[in-house]
Amino acid sequence: MPLSDLLSADRIVMLVAPGSRDAVLDSAARLLSGNSPTMTPLLGRALREREQLGSTGIGRGVAIPHARSGAFHEPRAAFLRLSSPVDFGAADGESVDLVFAMCVPEHLVEQHLQFLSGLVERFSDAAFRDALRGAHDRHALQALLLDDVGQSTAASA
């Protein structure tokens, strides 16, 4: 699954002074909603409610907060690289500095699970995580996340 199916360049950020887990989730909600004053709080609440069910921290400094919502007709995602790690309560005890937030329409239950599975596999790649952490600026992050050719090459290596 190419990440570009979910992401757009304007939803990839380097978050300075991320604060708490909830502040990160609120930032993700703003990105996912396009900074909509009505949708941002709804998405923020949906992401926090999902997080209360169990940590979306998948380990190795990565979290994939996600929610289903009727807010959009297509799945969408946002990527946040945090300047300082935040505790997401991951099972490995490691704080999170790479956050891939996702919102999927309510009726796409199976697709939601497929996206999550693909994301877990993608972020299990240590070289990919290291490249994201080593990116010097937002443009470098965008290239890493949106370059489908690079992802195909990495997946086949």
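Calculation notes
Residues numbered from 1 in each chain as written. Predicted model: local features only at pLDDT ≥ 70, side-chain atom pairs only at ≥ 80, totals over all residues. Heavy atoms only, no water. Helix = DSSP H or I, 4+ residues; strand = E, 2+ residues; numbered from the N terminus. Buried < 20%, exposed > 50% of the residue type's maximum accessible area, 1.4 Å probe, protein only. Contact = heavy atoms within 4.5 Å. Lys, Arg positive; Asp, Glu negative; His and termini not counted. Charge placed at Lys NZ, Arg CZ, Asp CG, Glu CD. Arc of directions from axis to C-beta. Polar contact = N/O pair within 3.5 Å; in protein donor to acceptor, adjacent residues only side chain to side chain. Salt bridge = Lys/Arg side-chain N within 4 Å of Asp/Glu carboxyl O. pLDDT = per-residue confidence, 0-100.

## Digging into the overall build of the chain
Each helix and strand counted, the chain has six helices and six strands in total. Secondary structure elements of the chain occur, N-terminal to C-terminal, as β-α-α-β-β-β-β-β-α-α-α-α. Taken along its principal axes, the extent of the C-alpha atoms in the chain is 40 × 30 × 30 Å. Counting only residues that meet the buried cut, the chain has 45% of its 157 residues in that class. The contacts of the chain with a sequence gap of at least 6 include a subset with a gap of at least 24, amounting to 69%. Of the side-chain charges in the chain, 14 are positive and 19 negative, and the distance between the mean point of each set is 4 Å.

## What to know about the side chain of Glu51
Note that Glu51 resides in helix H2 (residues 39–53). Among all residues touching Glu51, those that are not within four sequence positions of it are Arg21, Leu25, Thr56, Gly57, Pro65 and Phe88.

## Examining the environment of Gly93
Its location among the elements puts Gly93 in the loop between strand S5 (76–86) and strand S6 (96–105). As a C-alpha pair, Gly93 and Pro41 span 52 residues in sequence and 28 Å in three-dimensional space.

## Some words on helix H5 (residues 138–146)
Looking only at H5, the buried set comprises Leu141, Gln142 and Leu145. Buried residues of H5 fall within an arc of 100° about the axis and therefore sit on the same side. For H5, the N-terminal cap is Asp137; the gap from its side-chain oxygen to the backbone nitrogen of His139 is 3.2 Å.

## A short note on the pattern of salt bridges
Counted by the stated rule, this structure contains four salt bridges. We note a salt bridge from Asp22 to Arg21, for which the minimum N-O separation is 3.4 Å. Relative accessible area serves as the criterion here: at 30%, Asp22 is assigned to the partly exposed category. On the basis of relative accessibility, which here comes to 25%, the residue Arg21 falls in the partly exposed class. Across the pair Arg122 and Asp125 runs a salt bridge, and its minimum N-O distance is 3.9 Å.

## Here's the deal with the confidence of the model for the chain
Low-confidence regions, as indicated by low pLDDT, have predicted coordinates that should not be scrutinised in detail. This prediction gives the chain a mean pLDDT of 88; 92% of its residues lie at or above 70. Helix H6 (residues 148–156) is the least confidently modelled element of the chain, averaging 42 in pLDDT, while helix H4 (residues 126–134) averages 97, the highest of any element. Per-residue pLDDT stays below 50 along residues 149–157; that stretch engages in nine contacts with residues further than four places along the chain or on separate chains.

## As for unusual backbone geometry
Leaving glycine out, the prevailing phi sign among residues is negative, and the prevailing peptide bond configuration is trans. At Ala17, a position not held by glycine, the phi torsion is positive, near 50°. Its location among the elements puts Ala17 in the loop between strand S1 (12–15) and helix H1 (21–33). Judged by relative accessible area, which is 62%, Ala17 ranks as exposed. Despite not being glycine, Arg60 has its phi angle at roughly 60°, a positive value. Assignment of secondary structure puts Arg60 in the loop between strand S2 (57–59) and strand S3 (62–63).

## A few points about the side chain of His66
One can find His66 in strand S4 (residues 66–69). Looking at His66, the relative accessible area reads 9%, which means it is buried. Polar side-chain contacts of His66 include one of 3.2 Å to the side chain of Arg50. From its side chain, His66 meets the backbone oxygen of Ile64 in a polar contact 2.7 Å long.

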